[in-house]
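Inside the fold
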Amino acid sequence: MTTTIKITPGHLTLADCRAIYDGAKIELDSAARPAVEASVKTVKDIIDNDETVYGINTGFGRLARTSIPADKLKELQVNLVMSHATCTGQPMRHSVVRLIMALKVNALARGHSGIQWKVLENLVTLYNNEVYPVIPEKGSVGASGDLGPLAHMSCALLGIGDVDYQGSTIPASDGLKKLNLEPVDLGPKEGLALLNGTQASTSLALAGLFLAENTFAAAIVGGSLSVDAAMGSDAPFDPRIQTVRGHSGQIDVAELYRNLLEGSDIRNSHLECDRVQDPYSLRCQPQVMGACLDHLRFAANTFAIESNAISDNPLVFTDNGDVISGGNFHAEPVAMSSDVLAISLSEIGALSERRIALLMDPALSGLPAFLVEDGGVNSGFMIAQVTAAALASENKTLAHPASIDSLPTSANQEDHVSMATFAARRLTDIAENVAGVVAVELLAAAQGIDFHKPMKTSPDLLEAMSMIREKAPYYDKDRYFAPDIEAIKSLVLGGKFLKFISSSALPSQ
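1. A look at the pattern of salt bridges
- Summed over the entire model, instances satisfying the criterion amount to 18 salt bridges.
- Put simply, K44 and D48 hold a salt bridge, and the shortest N to O gap is 2.8 Å. Of this pair, K44 and D48 are both found in helix α2 (residues 33-48), 4 residues apart, which corresponds to roughly one turn of the helix.
- A salt bridge links R479 to D484, with the nearest nitrogen and oxygen atoms 2.8 Å apart.
- The exposure class of R479 is partly exposed, given its relative accessible area of 27%.
- Residue D484 is classed as buried on the basis of its relative accessible area of 8%.
- Overlapping salt bridges, with partners in common, bring together D450, K453 and R469 in one network.

Take a look at the structure:
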């Protein structure tokens, strides 16, 4: 049964956004219609009174002082949309396009944008019938909003450009015909309302957030398995240690490790061993992964606010007829929070890679070298760790802050920009790299656990082991390795390990 998310403007939750990302249908709350229509009337009154207001009857950006005669206003809006559709690169994924369309409906329906209800209805119809605008992923600097990506989205409403429909790319005009829709007739300000806003950056950031949650959960499972595989101690997860420091992420993460390791025969077998301390990649997991969780939550809060934000310009206030030009389109909050999330993601992968290296070193793990029998004849996990190291290292470059960069645009009218779109877009690349690292760890840790048979790990981790072994059998001798990594990576990215994590731990769950 397909889920339907009812959009009550300004009240989308992160769970709603994740459902949209995953393919839910949307329904626009009809209670929003009076506010939307009131904003249209305010714009009409300005034109009827022959007032000059930016974005309604003027040019845009550097051309803002150019007045546009009334008989050219509709042409102005269409020209604006077409001229701004300049993006390049691969098309954005349907999951991201769905978020862009839904977030744009959510913002415009709050009644401060001067856009017809019919335009919103058409966007919802396109969305629900899986007629997705083709939006190239590169070409926005995140101020004045995501002009280029949103122009490509808006072109579909006009029957211009291309859309994806049932797996095929077709002209947008044909897509409208399939749904018996006419191209929308844009009124004053409507093109600008559609183009201006941070919905593309925010949607890309949300996509990164959801993948970050998926990889975080898998890394917690991988880290727990690694503790048992290396016959490490669970003492560092004692709640008293976490409480005296006070960070909520650390406290919550330590509890996750305690719960996952509870009931492990392997752990119980060496309670009185003479090992004093484990290496940091095992012992300091609450501190590192807790910090990652804290900053993931920080970024999630920013993205949740921005998902409900009105970020076009100018804004219409119907209570007194004011139309005010400001700067809500500047996506700096999304850019900076994406940078924080990029760092957190990269650290998840960096710590996981160190645990892989630990498991393969007999001096640290007590396991066979490179986690394979008959070493020398078999290379085991030797080069799998090289892959993990390469991915973790690549993330160091990808995690460089994007928000500290700015190139002026529009003849220096837009003299400081956020670079939020790239800041958010590269989160998917980082998350996919982390998923590759964690996939190698899950395989390596499962291999280590199997070396301890007949002793068993905890019930929860046995369930995780079963998931892993269903995709990749025990590595008894060298074989073609890449498919195993890809299979487990798919589990990681698909969120299959989320069930091992308390739903309260992660923002969108």
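2. As for the state of the cysteines
- Overall, the coordinates contain 0 disulfides when judged by the stated rule.
- With no disulfide of its own, C284 has C292 as its nearest cysteine by sulfur position, at a separation of 13 Å.
- Relative accessible area serves as the criterion here: at 5%, C292 is assigned to the buried category.

3. Considering the packing of helix α1 (residues 14-21) against helix α4 (residues 94-108)
- Where α1 contacts α4, the axes come no closer than 8 Å and their chain directions differ by 130°. Classified by the angle between their axes, α1 and α4 sit oblique to one another. Contact residues: α1 offers C17, I20 and Y21, while α4 offers S95, R98, L99, A102 and L103.
- In the contact of α1 with α4, the residues fall into 6 nonpolar, 1 polar and 1 charged.

Quick notes on the rules
- Residues numbered from 1 in each chain as written.
- Predicted model: local features only at pLDDT ≥ 70, side-chain atom pairs only at ≥ 80, totals over all residues.
- Heavy atoms only, no water.
- Salt bridge = Lys/Arg side-chain N within 4 Å of Asp/Glu carboxyl O.
- Helix = DSSP H or I, 4+ residues; strand = E, 2+ residues; numbered from the N terminus.
- Buried < 20%, exposed > 50% of the residue type's maximum accessible area, 1.4 Å probe, protein only.
- Disulfide = S-S within 2.5 Å.
- Axes fitted to C-alpha atoms, helices over the stretch in contact; angles between N-to-C directions.
- Parallel < 35°, antiparallel > 145°, perpendicular 65-115°, else oblique.
- Contact = heavy atoms within 4.5 Å.
- Nonpolar A, V, L, I, M, F, W, Y, C, P; charged D, E, K, R; others polar.

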